[in-house]
Amino acid sequence: MDHTKTFFLDGQEIPFKEGQTVFDAAMAAGVYIPHLCHNPDYEPHSSCRLCTVIVNGRPFAACTQPAVAGQMIQNDTPELREMRRTLTQMLFVEGNHYCPTCEKSGHCKLQATAYDLGLQDNHFPQFFPKREVDASHPDFVLDRDRCILCGHCVRVSRDVDRKCVFAMTHRGIKTEIVVDSPTGLLKDSRLTMEDEAANVCPVGALMPKRKGFQVPIGERPYDKAPIRVDSVKNFRI
Ligand code: SF4
Ligand code: SF4
Ligand code: FES
């Protein structure tokens, strides 16, 4: 592996190989960049903008930005932290998130990111959108109240499972996940326990049934390490 080229992230020299993104190189070097819509196991699609960094004075999504030798990049600045806080607060108010009653609590990327960014409240007025919960499937529940529209289920069902069970419909605040089945319900779709898409949701939106609160408090991933430590430790490319 050729690690001779480097760029600078908040003044720290980061090695990279040709074709690597700023995100991948930084995380491989142990530097955390906040992210929600990117799962390093799959192609990035840069929708959440949480990983925005400043390259030569301009904002770019680190998960899709190719690393270039010698570049000076900012990641951890007061302005970027504030922008990430705002984006995260917006995700909370445009859904219906009640963490104490959510079985994803303690291993939810949205919740862990909020803790990492020091969110004390939602800041913006709550939208209280009306969103359908689909509990029709024997093995899964789709709680659209908690969906952050990261698109993982859509892309993984299409590109890995080759089933296209999920899609996004509408635009703006009306965007939501829909299910490809004759009735529009999960029970009539081709989703099975073996599907990779069934296990890819970073929040508590697409959840397996009969496994709620299986891991006790204190043993959940983000009880043991904050997301910035956990995601760097478990990062692989
Ligand atoms: Fe909280 Fe995450 Fe559940 Fe939303 S999905 S209620 S942020 S634990
Ligand atoms: Fe992402 Fe989960 Fe919503 Fe699918 S259901 S778009 S994986 S948050
Ligand atoms: Fe890069 Fe979402 S993680 S845009």
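One can find the structure itself at the top, above this paragraph.
One numbering rule holds for all chains: residues counted from 1, following each sequence as written. Labels are handed out in written order, letters beginning with A for the chains and numbers beginning with 1 for the ligands. Two thresholds apply to this predicted model, a pLDDT of at least 70 for residue-level local features and 80 or more for giving and counting side-chain atom pairs, whereas whole-chain, interface and lining totals are computed over all residues. The side-chain numbers reported here are obtained from all heavy atoms of the structure, hydrogens and water having been left aside.

(A) Inspection of the overall build of the chain at higher detail. Strands here are runs of E lasting at least two residues and helices are runs of H or I lasting at least four, both read from the DSSP assignment and numbered beginning at the N terminus. What the chain contains, in helices and strands, is six helices and ten strands. A compact globule built from 237 residues should have a C-alpha radius of gyration of about 18 Å, and the chain, at 18 Å, falls within 12% of that. Projected onto its principal axes, the C-alpha coordinates of the chain cover approximately 55 × 40 × 40 Å. Working rule for contacts: check all heavy atoms of both residues, and any pair within 4.5 Å makes them a contact. For the chain, the share of sequence-separated contacts (at least 6 apart) that also reach a separation of at least 24 residues comes to 63%. Between the centroid of the 29 positive side chains of the chain and the centroid of its 30 negative side chains there is a distance of 2 Å. In this description the radius of gyration comes from C-alpha coordinates, and the expected globular size is given by 2.2 Å times residues to the power 0.38. His is not counted here, nor are the chain ends, while Lys and Arg score as positive and Asp and Glu score as negative. To locate a charge, take NZ of a lysine, CZ of an arginine, CG of an aspartate or CD of a glutamate.

(B) Representation of the site of ligand 2 within the structure. Neighbouring ligand 2 are the residues Cys147, Ile148, Leu149, Cys150, Gly151, His152, Cys153, Ile177, Cys201, Pro202, Val203 and Ala205. Split by residue class, the shell around ligand 2 holds ten nonpolar, two polar and no charged. Here a residue counts as near a molecule or strand whenever at least one of its heavy atoms sits within 4 Å of it. For this scheme, ten residues count as nonpolar: Ala, Val, Leu, Ile, Met, Phe, Trp, Tyr, Cys and Pro. Four count as charged, namely Asp, Glu, Lys and Arg, and the remainder, Gly too, count as polar.

(C) Geometry of helix H2 (residues 78-94). Here a helix's expected span is defined as the number of its residues, less one, multiplied by 1.5 Å. Over its 17 residues, H2 runs 24 Å from end to end, which matches the ideal 24 Å to within 8%, given 1.5 Å per residue. Taken as a whole, H2 has its buried residues at Leu80, Arg84, Thr88, Gln89, Leu91, Phe92 and Val93. Check the buried side of H2 and you find it contacts strand E3 (52-55), strand E5 (72-74) and helix H3 (109-116). Whether a residue is buried, partly exposed or exposed follows from its accessible area with a 1.4 Å probe, protein chains only, as a fraction of its type maximum: under 20%, in between, or over 50%, in that order.

(D) Structural view of the site of ligand 1. Taken together, Phe92, His97, Tyr98, Cys99, Cys102, Ser105, Cys108, Leu110, Gln111, Arg146, Val203 and Gly204 make up the full set of residues adjacent to ligand 1. A breakdown of the residues in the shell around ligand 1 according to their chemical character gives seven nonpolar, four polar and one charged.

(E) Molecular detail of the pattern of salt bridges. Here a salt bridge means any side-chain nitrogen of Lys or Arg lying within 4 Å of a carboxyl oxygen belonging to Asp or Glu. Throughout the structure, instances matching the rule amount to 13 salt bridges. Note that arginine 85 and glutamate 82 form a salt bridge whose closest N and O atoms lie 3.1 Å from each other. Taken together, the positions of arginine 85 and glutamate 82, both in helix H2 and three residues apart, correspond to about one turn of that helix. A salt bridge links arginine 228 to aspartate 116; the shortest N-O distance between them is 2.7 Å. On the criterion of sequence distance, the pair formed by arginine 228 in helix H6 (residues 227-233) and aspartate 116 in helix H3 is long-range, its members being 112 residues apart. Of the residues examined, arginine 228 reaches a relative accessible area of 36% and is grouped as partly exposed. Ionic contacts of the salt-bridge type, sharing partners, join the residues Glu103, Asp143 and Arg146 into one network.

(F) Looking closely at the packing of aromatic side chains. Centres within 6.5 Å are what make two rings of Phe, Tyr or Trp a pair, Trp counting through its six-membered ring; a difference in plane orientation under 30 degrees is then read as stacked, over 60 as edge-to-face, and the rest as tilted. The final tally for this structure, using the stated rule, is two aromatic pairs. A centroid spacing of 5.9 Å and a plane angle of 45° characterise the contact between phenylalanine 7 and phenylalanine 16, whose relative ring orientation is tilted. Residue classification places phenylalanine 16 among the buried residues on the basis of a relative accessible area of 2%. Where phenylalanine 23 meets phenylalanine 235, the ring centres are 6.2 Å apart and the plane angle is 70°; that geometry is what we call edge-to-face. You can see phenylalanine 23 sitting in helix H1 (residues 22-28) and its partner phenylalanine 235 sitting in the segment after H6, a full 212 residues away along the chain. Residue class for phenylalanine 23 comes out buried when judged on its relative accessible area of 0%. When its relative accessible area of 14% is taken as the criterion, phenylalanine 235 is described as buried.

(G) Seen up close, helix H4 (residues 152-159). Within H4, six of the eight residues are buried, leaving the element largely enclosed by the surrounding structure. Residues of H4 that are buried make contact with strand E8 (166-169), strand E9 (176-179) and strand E10 (206-208).

(H) Here's a closer look at the sheet that holds strand E1 (residues 5-9). Taken in spatial order, the five strands make up an open sheet running E2-E1-E5-E3-E4, and their pairing is mixed. The open sheet terminates on both sides in strands that have one partner only, identified here as strand E2 (12-16) and strand E4 (58-61). Going across the sheet, the axis of each strand differs from the next one's by a mean of 40°, ignoring polarity. Whether two strands pair depends on DSSP finding at least two bridges between them. Where E3 and E4 come together, four bridges link them in antiparallel fashion. Its bridge partner being in E4, valine 55 is matched across the sheet by arginine 58. Axes, fitted as lines to C-alpha atoms, cover a helix only where it is in contact. Angles between the N-to-C directions of the axes lie from 0 to 180 degrees. Set on the sheet, H2 makes contact with E3 and E5; between it and E3 the angle comes to about 150°.

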